[in-house]
Amino acid sequence: MSHIAILTRPAGRNDALAQALGAAGWQTLDLPALELRPLPVAATDLPLPQDFDLVIFVSGHAARTYLNQLRDLAGQTDWPAAVPAATVGPTSARALRETPGFCANTTVFCPPPAASTHDSEALWQVLRAQDSLPSRVLLVRGTQGRDWLADQLEAAGAQVRRHAAYQRQPAHWPPSAVEHLRKWAQKREKATWLLTSGEGLTAVQTHIHEAGLADWWQASDFIVTHPTLARRLQQGLAGKVTDAMVKICLPADDAILAAFVAA
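No experiment lies behind these values; they were computed from the predicted model shown.

1. Points about the overall build of the protein chain
A tally of helices and strands in the protein chain yields 10 helices and 11 strands. Its C-alpha radius of gyration of 20 Å places the protein chain within 12% of the 18 Å reference for a compact globule of 263 residues. Across its three principal directions, the C-alpha atoms of the protein chain cover 60 × 35 × 35 Å. Burial analysis of the protein chain (263 residues in total) assigns 46% to the buried set. At a minimum sequence separation of 6, the contacts of the protein chain that also span at least 24 residues come to 65%. Entry remark: accessible area of the protein chain is about 12,800 Å², with carbon and sulfur atoms responsible for 50%.

Here it is, written out as C-alpha cells:
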C-alpha cells in the first residue's frame, strides 16, 4: 500500500515539504484548504510600524502582506530598525527576516525552536520574560483570528491595534483533485492529512462531505500542528479518531516531515 500525504496549507507553502516527502517515498497531493487574499486598505488607514513599540505578526504571510502594504501604500521600503517585531514561532520569524525591506538588525521576539508549542501562548511567555511590556502594540493578522494575545496585552496595560491585512476563505478544490480522492477511497487507500488551522479543518470537512467521502475521511490518519486541532478532530468525528490516528507536531517543515515518516 502506498503512502499518501495530503497537504492542506495555503498555496506555495507545501512545495519543499512535498519534495522531501516524495524523496521519502510518499505520494503527495497539494490541496490547500484556504485561500489567502490581501485586503484593500486606504493609505490613510494603514498603521505604520514607527508609531508602535512592538509589531506582532501571526504568520509569515501576515508579515509579507503587511510589508507589501507599507511599500505600495506608504512608500516605506525599509523597516524602522528601532521597532522590534514578534512572531508566534521560528518559521514565521524566518519568513519575516527574509521579506524584502525588513531590517536585519531588528529585534524579533519568538518562542524558541524547542518550545512545546509555537502559538500565542508561547509568545506571551517570551514577552512576559522581558524587562517591560510594550505600551503600544500593532497586531497584524487576517480578518479572523484569536484575540487571546491581544487580550493579555490589554489586560497588562498595553494599547493594542488589530490590523487585518488579509482574509481567509475556503479554497476551491479542482475536480481533478477530488477525483484523486475518490479513486483512493474506492481502493481503500489510507491517506494522512496535514491540518494546520481550525478554519482549514472546517473547510476540508465541508469539501469532504460535499464529495461524499466522509467514511473514507474517518479512516484517515492526521498530522496536526496544535493540540486544539486534535481535540476538534475528535469532536468532529464523534470520538471515532483514536490517539494512534493523530500526531501532533510543531508547524515547521522538518517537524512535519518527521511526523509523516513516523506515521
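2. Some points on the domain arrangement of the protein chain
Each assigned domain of the protein chain is listed with its residue range as follows: domain 1 (3-33 + 171-262) and domain 2 (37-169). Inter-centroid distance (C-alpha atoms) of domain 1 to domain 2 is 28 Å. Opposite the eight residues of domain 1 that make contact, domain 2 presents 10 residues. Here domain 1 meets domain 2 over a buried area of about 700 Å², counting both sides, of which 49% is carbon and sulfur. The interface formed by domain 1 and domain 2 holds one salt bridge in total. The salt bridge involving Arg-168 is made with Glu-199; its shortest N-O contact spans 3.0 Å. If you look at where domain 1 meets domain 2, you find three residue pairs in polar contact (both at pLDDT 80 or more).

3. Brief notes about the packing of helix 1 (residues 15-23) against helix 10 (residues 253-262)
Following both chains from N to C, one finds helix 1 and helix 10 inclined at 35°, their axes separated by 10 Å at the closest point. In this structure, helix 1 meets helix 10 at a crossing whose hand is right-handed. On helix 10, the residues that touch Ala-16, Leu-17, Ala-20 and Leu-21 of helix 1 are Asp-253, Ile-256, Leu-257 and Phe-260. Among the residues making up the contact of helix 1 with helix 10, the classes are represented as seven nonpolar, no polar and one charged.

4. Some details on the pattern of salt bridges
It is possible for side chains of opposite charge to pair when their charged atoms get near one another. Applying the stated criterion across every chain, the model contains 10 salt bridges. Among the ionic pairs, Arg-141 bridges to Asp-147, the shortest N-O distance being 3.0 Å. Its relative accessible area of 33% is what places Asp-147 among the partly exposed residues. In the salt-bridge network here, residues are joined through shared partners; they are Arg-141, Asp-147, Asp-151, Glu-154 and Arg-162.

5. A closer look at the UniProt feature "domain: Tetrapyrrole biosynthesis uroporphyrinogen III synthase" (unreviewed entry) in the protein chain
UniProt feature "domain: Tetrapyrrole biosynthesis uroporphyrinogen III synthase" (unreviewed entry): in the numbering of this structure it lies at residues 15-235. As a span, residues 15-235 carries 40% helix and 21% strand, and end to end its C-alpha atoms are 31 Å apart.

6. Notes on the sheet that holds strand 2 (residues 26-30)
The sheet built from five strands is open, its strands ordered 2-1-9-10-11 with parallel pairing. Across the chains shown, the open sheet's two edge strands, defined by having one partner strand only, are strand 2 and strand 11 (246-248). Sheet twist, expressed as the mean angle between neighbouring strand axes with direction ignored, is 20°. Across five bridges, strand 1 (residues 3-7) lies against strand 2 in parallel orientation. By the bridge assignment, Ala-5 is partnered in strand 2 with Thr-28. Docked against the sheet, helix 6 (residues 175-186) engages strand 1, strand 2 and strand 9 (191-195), running at close to 140° with respect to strand 2.

7. Overview of helix 2 (residues 60-74)
Taking 1.5 Å per residue, 15 residues should reach 21 Å; helix 2 reaches 20 Å between its end C-alpha atoms and fits that length. Within helix 2, burial applies to Gly-60, Ala-62, Ala-63, Thr-65, Tyr-66, Leu-67, Gln-69 and Leu-70. Those residues of helix 2 that are buried are in contact with strand 3 (34-38), strand 4 (54-57), helix 3 (90-98), strand 7 (136-142) and strand 8 (159-170). Just downstream of helix 2, Gly-75 is the residue with a positive phi angle, here 65°.

What counts, and at which threshold
- The numbers attached to residues start from 1 for each chain and follow its sequence in the written order.
- Only residues with pLDDT of at least 70 are given local features in this predicted model, and only at 80 or more are side-chain atom pairs given and counted; all residues enter the totals for whole chains, interfaces and linings.
- The side-chain figures draw on all heavy atoms in the structure; neither hydrogens nor water molecules are used.
- Helix numbering and strand numbering both begin at the N terminus, where a helix is a DSSP run of H or I of at least 4 residues and a strand a DSSP run of E of at least 2.
- Radius of gyration here is computed from C-alpha atoms only, and the compact-globule reference equals 2.2 Å multiplied by the residue count raised to the power 0.38.
- Relative accessible area decides the class of each residue, using a 1.4 Å probe on protein chains only: under 20% of the type maximum gives buried, over 50% gives exposed, and in between gives partly exposed.
- By the convention used here, residues are in contact when the closest approach between their heavy atoms is within 4.5 Å.
- Throughout, the Shrake-Rupley method with a 1.4 Å probe supplies accessible areas, and for residues the shown protein chains are the sole cover considered.
- Here the bounds of each domain stem from an automatic or database domain assignment.
- The term buried area denotes the loss of accessible surface (1.4 Å probe radius) that occurs when two parts are joined, taken as the sum for both partners.
- Take a side-chain nitrogen of Lys or Arg and a carboxyl oxygen of Asp or Glu: if they are within 4 Å of each other, that pair is a salt bridge.
- We call two N or O atoms a polar contact when they sit within 3.5 Å, provided that within protein one can donate a hydrogen and the other can accept it, with sequence-adjacent residues counted only if both atoms are side-chain atoms.
- Note on geometry: axes are C-alpha line fits, over the in-contact stretch for helices, and angles between N-to-C directions span 0 to 180 degrees.
- Note: crossing handedness is left-handed where the near helix turns anticlockwise from the far helix by less than a right angle, and right-handed where it turns clockwise.
- We call Asp, Glu, Lys and Arg charged. Ala, Val, Leu, Ile, Met, Phe, Trp, Tyr, Cys and Pro are nonpolar, and the rest, Gly among them, are polar.
- UniProt positions are given in the numbering used here, feature names are shortened, and annotations may be inferred rather than shown by experiment.
- When DSSP finds two or more bridges between two strands, those strands count as paired.
- How far a helix is expected to stretch is found by multiplying one less than its residue total by 1.5 Å.

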